[in-house]
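Residue strings, one per chain:
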Amino acid sequence: MVNSGVAAAEVRALYSRAIARSTEFRAGVRCDLEPEGRAYATLGVQGLLANWLDAEAELFLSDRGDVLASLEGIHDFELTQRLILEARAELELAPQDVPADGIGSGISSAGLGLRLRYEVRPAFAPYIGVTYVRALGRTADFARLAGEDDEETGFVAGVRVSF
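Owing to the predicted nature of the structure, the values given are computational and were not obtained by experimental measurement.

Asker: A description of the overall build of the chain should follow, citing residues and the corresponding values.
Answerer: Within the chain one finds one helix and nine strands. When the helices and strands of the chain are placed in sequence order, the string is β-β-β-β-β-β-β-β-α-β. Expressed as lengths along the three principal axes of its C-alpha atoms, the size of the chain is roughly 45 × 35 × 30 Å. Residues classed as buried in the chain amount to 28% of the 163 residues present. Considering only contacts in the chain between residues 6 or more positions apart, those separated by 24 or more positions represent 36%. The averaged location of the 25 negative side-chain charges in the chain is 6 Å from the averaged location of its 16 positive side-chain charges.

Asker: Describe the nonpolar core, naming the residues involved and giving the relevant values.
Answerer: Formed by Tyr40, Phe60, Leu68, Ala94, Val98 and Ile103, the largest nonpolar core amounts to six residues. When residues no more than four places from it in sequence are discounted, the contact partners of alanine 94 are Val67, Leu68, Ile103, Gly104, Ser105 and Gly106.

Asker: Run through the environment of isoleucine 103, naming residues and quoting values.
Answerer: Mapped onto the elements of the fold, isoleucine 103 is located in the loop between β6 (83–94) and β7 (106–118). As a C-alpha pair, isoleucine 103 and tyrosine 127 span 24 residues in sequence and 28 Å in three-dimensional space. The contact partners of isoleucine 103, leaving out residues within four places of it in the chain, are Leu68, Ala94, Gln96, Asp97, Val98, Ser108, Thr139 and Phe142.

Asker: Please give an account of the pairing of strand β1 (residues 9–20) that cites residues and values.
Answerer: Two faces, one strand: in a regular strand the side chains alternate between the faces of the sheet. Across 11 bridges, the pairing between β1 and strand β2 (residues 23–34) is antiparallel. Following the sheet pairing, serine 16 is matched in β2 by arginine 26. Taken together, β1 and the strand that follows it, β2, pair antiparallel across an intervening segment of two residues.

Calculation criteria
- Residues numbered from 1 in each chain as written.
- Predicted model: local features only at pLDDT ≥ 70, side-chain atom pairs only at ≥ 80, totals over all residues.
- Heavy atoms only, no water.
- Helix = DSSP H or I, 4+ residues; strand = E, 2+ residues; numbered from the N terminus.
- Buried < 20%, exposed > 50% of the residue type's maximum accessible area, 1.4 Å probe, protein only.
- Contact = heavy atoms within 4.5 Å.
- Lys, Arg positive; Asp, Glu negative; His and termini not counted.
- Charge placed at Lys NZ, Arg CZ, Asp CG, Glu CD.
- Core = buried A, V, L, I, M, F, W, Y, C linked by side-chain atoms within 4.5 Å.
- Pairing = 2+ DSSP bridges.

So this is what it looks like as structure tokens:
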């Protein structure tokens, strides 16, 4: 069966400040619009490792007191000066179970993705892509108990904006 509609949607507003030559500190908010509205305070760091891998670590505190974290690695392949293929790998973590959201403690999911973006300007780049996410550990158990798949493939679309 194919699901239609939006499975997940979020908006982030982050303030970023350089703390070293290739490292930034970030703080702001994340608002999940789907599947259920929720707001998070966000703290994180982003930096360039070995001059080729962009790494991000983020910590989220929800308006209900739940703590989540994510680790992400990103590598860009420049197809042209404006057309970039972005490969991504991500781990989601939770120090506690959040049964209402189907999230188990520990490493809750692992994901891989590809995004193709077109940089109209470096500060404005629409993108489309595909993602594969697999639930792990107790999160996979929660999904199976709810009659859901513990893995999914989806499409993403968005706009990367900076100013």
